[in-house]
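Given next are the chains, with one letter for each unit.
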Amino acid sequence: MTKLRDVDKLKEVALGLRRDIIEMITRAGSGHPGGSLSAVELVSALYLGEMNYDPKNIKDPDRDRFILSKGHCCPVLYATLAHLGAIPRKSLWTLRKLGSPLQGHPSNVKMPEIEVGTGSLGQGLSIGIGMALAARIDKKDYRVYALLGDGECQEGETWESAMTAGHHKIDNLCALIDYNHVQQTHPTAETKDLEPLADKWRAFNWHALEIDGNDYASIFAALDEARATKGKPTCIIANTQKGKGVSFMEGDPGFHGKAPDDAQYVKAMAELGVDVSGGKTYE
Amino acid sequence: MSDKIATRDAYGKILLEMGKKYPDLVVLDADLAGSTRTEWFGKEYPDRFYDIGIAEQDMVNIGAGFALSGKRVVCSSFAIFGSRAWEQIRNTAARCKLGIVFAYTHAGTSVGADGASAQANEDVAIFRAIPGMKVIVPADATETEKALPVVLENLDGPVYMRFSRAPVPIAFDDSYVFRIGKGVVCREGADVALIACGQMVALSLEAAETLARDGINARVINMASIKPIDEAMVVAAARDCGAVVTAEEHSIVGGLGSAVCEVLCEQHPAPVVRIGVKDVFGESGTPDELFDKYELSAPHIVKAARDAMQRAGK
């Protein structure tokens, strides 16, 4: 698939993904808008501009792998897969509904288009290590990307896996931290401060860099640097804004795991350039 | 019956053989390779063996990553420590339907002098509760060497295999055939049924000898496949014998005894007496001392058989 790195075009894509995320979660009546919106640029940059990924050949053994370790933010992944045509667009509106492949947290059994079921935090980076080491055994050069939440860095297993990847110098593995600075109930700095976060990863023998994770140019520069870094894994600490793109969701823990109500939905979509007032629909 | 081999040794031996048969076999351990015997595989196949260090949760999910990349995966640890990754096993290995064998050693009370912190008496219960998980408890070295190849050849989801540290008597010869979901009648009899797993099979056969001297013919069943369990064989045992004893080196909560009772209460109610650890923590001691104190030894199986028969009005 041709890679898209044109920032203006990607910004249009991001706007569409944000609309889809709000629409999906509103129709579902539940879900996690805050962390989905913060990760829009990261996920779309990976799928559209970085990874060796073909939506027509999703089980290509040479493909790059993406693991959404922060599985509760699956609306951004589903919306991205629909944008690429890997899953039908109309399936987005079945999110969290009985019988839908779009589970509230991703399931590879119900949706083979995703690499692995997640939803319980702290596990994705370990899974990525297994995939990355399998490439070593099979003498393949695919890369593995795991997107972690910032709160997820409070999980012990995250650091177990960080130590493993550093020890084995797994340079085809890249962790991205969606550092939106807000976890379920409070700001991360209040609940349990992660700082100094980059130094923690460096201490575990990773290459670590800090970027603006809502800025495509910064993301691509970091991904290029990660790919060029040999002999150690790379952690991209992506500073983002929780709820990015919807003013009243930005930085508000209240929208970590809550759908907008009717008025909030109309207001959010208006901010994203869509008029859904008076019962007008968005498809 | 005189030879004794720890099932962990038999596991290490057959795992090494499987490394040759399956080039896609990847083995992981969490710092205990010398004790679990995965070190034997690791020395022969260093490119397919990773010691993840003391990080069981990481090990389980690294195994998941390998399985998702087309590898046949075996993860080993001690039963007690590997069980701390239960949620990883439940949510990733099982929910994602991954072909991973959790081959855990040093299970049960017979781990001995290390004491209660190391004696996993709850592992079968917690693994059995996971949807799609198979649970296999080989009786001896022979069955261990027969079971692992069958498990690896039919690896369509997660499997828990439980091995012991202590040497256990050899109950079977080389003609033994292991099948997932099938029990094996080791001794015919129709007065009482002794349904056992692990080294309790050998102790049940010993108990049956004692009972025979009093004219009681006990049917001894090896139920290595606890999940799926051989329901037909359990029901037939209750129907033919009228009285049942279960014997396991595990808590009476949630293990083989519970599995047998679940089958019988719905399909053929019969008196059942469960031999197992009675919902308590163990302590340091030799395996023999502990088996006596915690009422797991052959004389206790004999007594349980008589109690079950009495309750059945026999």
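What you see is a predicted model, and the numbers here were worked out from it, not measured in a lab. (Residues numbered from 1 in each chain as written. Chains lettered and ligands numbered in written order. Predicted model: local features only at pLDDT ≥ 70, side-chain atom pairs only at ≥ 80, totals over all residues.)

## Comments concerning the overall build of chain B
Applicable threshold: Going along the chain from the N terminus, every DSSP run of H or I of four or more residues is numbered as a helix, and every run of E of two or more is numbered as a strand. Each radius of gyration is computed over the set of C-alpha atoms, and the globule rule expresses the reference value as 2.2 Å times the number of residues to the power 0.38. Here the contact rule is simple: place C-beta atoms from the backbone, and any two residues whose C-beta atoms are within 7 Å are in contact.
Within chain B, the secondary structure is distributed over 13 helices and 14 strands. Computed over its C-alpha atoms, the radius of gyration of chain B comes to 19 Å, within 12% of the 20 Å expected for a compact globule of 314 residues. Over its C-alpha atoms, taken along the principal directions, chain B stretches across nearly 60 × 40 × 35 Å. Taking contacts inside chain B between residues at least 6 apart in sequence as the whole, the part at least 24 apart equals 81%.

## Some details on the domain arrangement of chain B
A common way to state how big an interface is: give the accessible area lost once the parts meet. Residue and element names in this part refer to chain B. So the rule is basically this: All domain edges in this entry derive from an automatic or database-based domain assignment.
Segmentation of chain B into domains returns domain 1 (4-169) and domain 2 (184-309). Summarising the inter-unit geometry, the C-alpha centres of domain 1 and domain 2 are found 25 Å apart. Residue-level contacts link 28 residues of domain 1 with 31 residues of domain 2. Listed by contribution, the elements that provide at least two residues to the side of domain 1 that touches domain 2 are α7 (123-128), β6 (134-136), α8 (141-153) and β8 (167-169).

## Re the pairing of strand β3 (residues 173-179) of chain A
Residue and element names in this part refer to chain A. Just so we agree on the cut-off: Exposed residues have 12 or fewer other C-beta atoms within 10 Å of their own C-beta, buried residues have 20 or more, and partly exposed residues fall in between, where C-beta atoms are placed from the backbone. Place the viewer so that the strands point away; then a crossover is right-handed whenever the path from the first strand over the helix to the second strand goes clockwise. At least two DSSP bridges between two strands are required for those strands to pair.
Judged by how many residues are buried, β3 sits mostly within the fold: seven of seven residues are covered. Considered for its hand, the β-α-β crossover made up of strand β2 (residues 144-149), helix α6 (residues 156-167) and β3 is right-handed. The pairing of β3 with strand β5 (residues 234-239) spans six bridges and is parallel. Opposite alanine 175, over in β5, you have cysteine 235 as the bridge partner.

## Considerations on helix α4 (residues 56-68) of chain B
All names here are of chain B. Note the following rule: Given a helix with a known number of residues, its expected span is that number minus one, times 1.5 Å.
In a regular helix each residue adds 1.5 Å, so 13 residues correspond to 18 Å; α4 covers 18 Å between its end C-alpha atoms and thus fits that length. With 13 of its 13 residues buried, α4 lies for the most part within the structure. Looking one or two places after α4, you find glycine 70, whose phi comes out positive at around 90°.

## Notes on the packing of helix α9 (residues 200-213) of chain B against helix α13 (residues 298-311) of chain B
Residues and elements named next belong to chain B. Put simply, the test is: Lines fitted to C-alpha atoms define the axes, with helix axes restricted to the stretch in contact, and inter-axis angles between N-to-C directions lie between 0 and 180 degrees. Relative orientations are named as follows: roughly parallel for angles under 35 degrees, roughly antiparallel for angles over 145 degrees, roughly perpendicular for angles from 65 to 115 degrees, and oblique for any other angle. Crossing handedness is defined as follows: a turn of the near helix away from the far one that is anticlockwise and smaller than a right angle gives a left-handed crossing, while the clockwise case is right-handed. The classification used treats Ala, Val, Leu, Ile, Met, Phe, Trp, Tyr, Cys and Pro as nonpolar, Asp, Glu, Lys and Arg as charged, and all other residues, Gly among them, as polar.
The N-to-C vectors of α9 and α13 enclose an angle of 60°; their axes lie 8 Å apart at closest approach. Considered as vectors, α9 and α13 are oriented oblique to each other. Handedness of the crossing formed by α9 with α13: right-handed. In this structure, α9 uses Leu203, Ser204, Glu206, Ala207, Thr210 and Leu211 to contact α13, whose residues at the interface are Ala298, Ile301, Val302 and Ala305. Partitioning the contact of α9 with α13 into residue classes produces seven nonpolar, two polar and one charged.

## Concerning unusual backbone geometry
A cis amide bond, omega 0°, links glutamate 195 of chain A with the succeeding residue proline 196 of chain A. Checked against the element boundaries, proline 196 of chain A lands in the loop between α7 (188-192) and α8 (197-203). With omega at 0°, the peptide bond leading from lysine 227 of chain B into proline 228 of chain B counts as cis. Examined against the element boundaries, proline 228 of chain B turns out to sit in the loop between β12 (225-227) and α10 (231-241). Not every positive phi belongs to a glycine, and histidine 181 of chain A is a case in point at roughly 70°. Here the phi dihedral of histidine 106 of chain B falls at roughly 55°; this positive angle occurs in a residue that is not glycine. Secondary-structure assignment places histidine 106 of chain B in the loop between β5 (100-105) and α7.

## As for the environment of serine 69 of chain A
As for its position among the elements, serine 69 of chain A is in the loop between β1 (65-68) and α4 (74-84). Not counting residues within four places of it along the chain, the set of residues in contact with serine 69 of chain A comprises Thr118, Gln123, Gly124, Leu125, Ala146, Leu147, Leu148 and Glu152 of chain A.

## Some thoughts on helix α9 (residues 216-228) of chain A
Residues and elements named next belong to chain A. Here is the rule: The arc refers to the directions leading from the helix axis to the C-beta atoms.
Under the 1.5 Å per step criterion, the end-to-end length of α9 is 18 Å for 13 residues, consistent within 8% with the ideal 18 Å. Every buried residue of α9 is accounted for by Tyr216, Ile219, Ala222, Leu223 and Ala226. Along the long axis of α9, the arc covered by the buried residues comes to 125°, so they all point the same way. Turned more than 90 degrees off the buried face of α9, the exposed positions are Asp224 and Ala228. Contacts from the buried residues of α9 go to α1 (7-28), α3 (40-50), β3, β4 (207-212) and β5.

## Points about the interface of chain A and chain B
Of the residues lining the interface, 21 residues belong to chain A; the matching set on chain B comes to 23 residues. When residues of the side of chain A that touches chain B are traced back to their parent elements, those giving at least two are α5 (124-138) and α6 of chain A. With nine residues, the top contributor of residues to the side of chain A that touches chain B is α5 of chain A. Taken together, the residues of the side of chain A that touches chain B sort by class into eight nonpolar, ten polar and three charged.

## A look at the environment of leucine 46 of chain A
All names here are of chain A. Its location among the elements puts leucine 46 in helix α3. On the basis of neighbour counts, which here come to 21 C-beta atoms within 10 Å, the residue leucine 46 falls in the buried class. Non-local contacts of leucine 46, meaning those with residues more than four positions away in its chain, are made with Met51, Phe66 and Tyr145.

## Brief notes about the packing of α10 of chain B against helix α11 (residues 256-267) of chain B
All names here are of chain B. Interaxial distance between α10 and α11 falls to 10 Å at its minimum, and their mutual angle equals 65°. Between α10 and α11, the crossing angle belongs to the class labelled roughly perpendicular. The way α10 lies across α11 gives a crossing that is right-handed. Residue-level inspection shows Glu231, Val234, Val235 and Ala238 of α10 in contact with α11, the latter providing Val260, Val263, Leu264 and Gln267. Broken down by class, the residue content of the contact of α10 with α11 amounts to six nonpolar, one polar and one charged.

## So, the sheet that holds strand β2 (residues 25-29) of chain B
Residue and element names in this part refer to chain B. A sheet is described by the order of its strands in space; here seven strands give the open sequence β3-β2-β4-β5-β7-β6-β12, paired in mixed fashion. Sheet topology places β3 (49-51) and β12 at the edges, where each strand pairs with a single neighbour. Each strand of the sheet is rotated relative to its neighbour by a mean of 20°, with strand direction disregarded. Pairing of strand β4 (residues 72-78) with β5, which is carried by six bridges, proceeds in the parallel orientation.

## A word on the pairing of strand β13 (residues 244-251) of chain B
Residue and element names in this part refer to chain B. Here β13 lies mainly inside the structure; eight of its eight residues are buried. Relative to β13, strand β10 (residues 192-196) is paired through four bridges, and the arrangement is parallel. Each bridged residue has a counterpart across the sheet, and for alanine 196 the counterpart in β13 is alanine 247. Pairing of β13 with strand β14 (residues 272-277), which is carried by five bridges, proceeds in the parallel orientation. From the neighbouring strand, valine 244 faces β14, where its bridge partner is valine 272.

## A look at the sheet that holds β1 of chain A
Residue and element names in this part refer to chain A. In spatial order, the strands read β1-β2-β3-β5-β4; together these five strands make up an open sheet with parallel pairing. The open sheet has two edge strands with one neighbour each: β1 and β4. Along the sheet, successive strands turn relative to each other by an average axial angle of 20°, direction set aside. In this sheet, β3 lies alongside β2 in parallel orientation, the contact comprising six bridges. Pairing of valine 144 across the sheet is with leucine 173, part of β3. Each of β1, β2 and β3 touches α5; the most contacted strand, β2, lies at about 175° to it.

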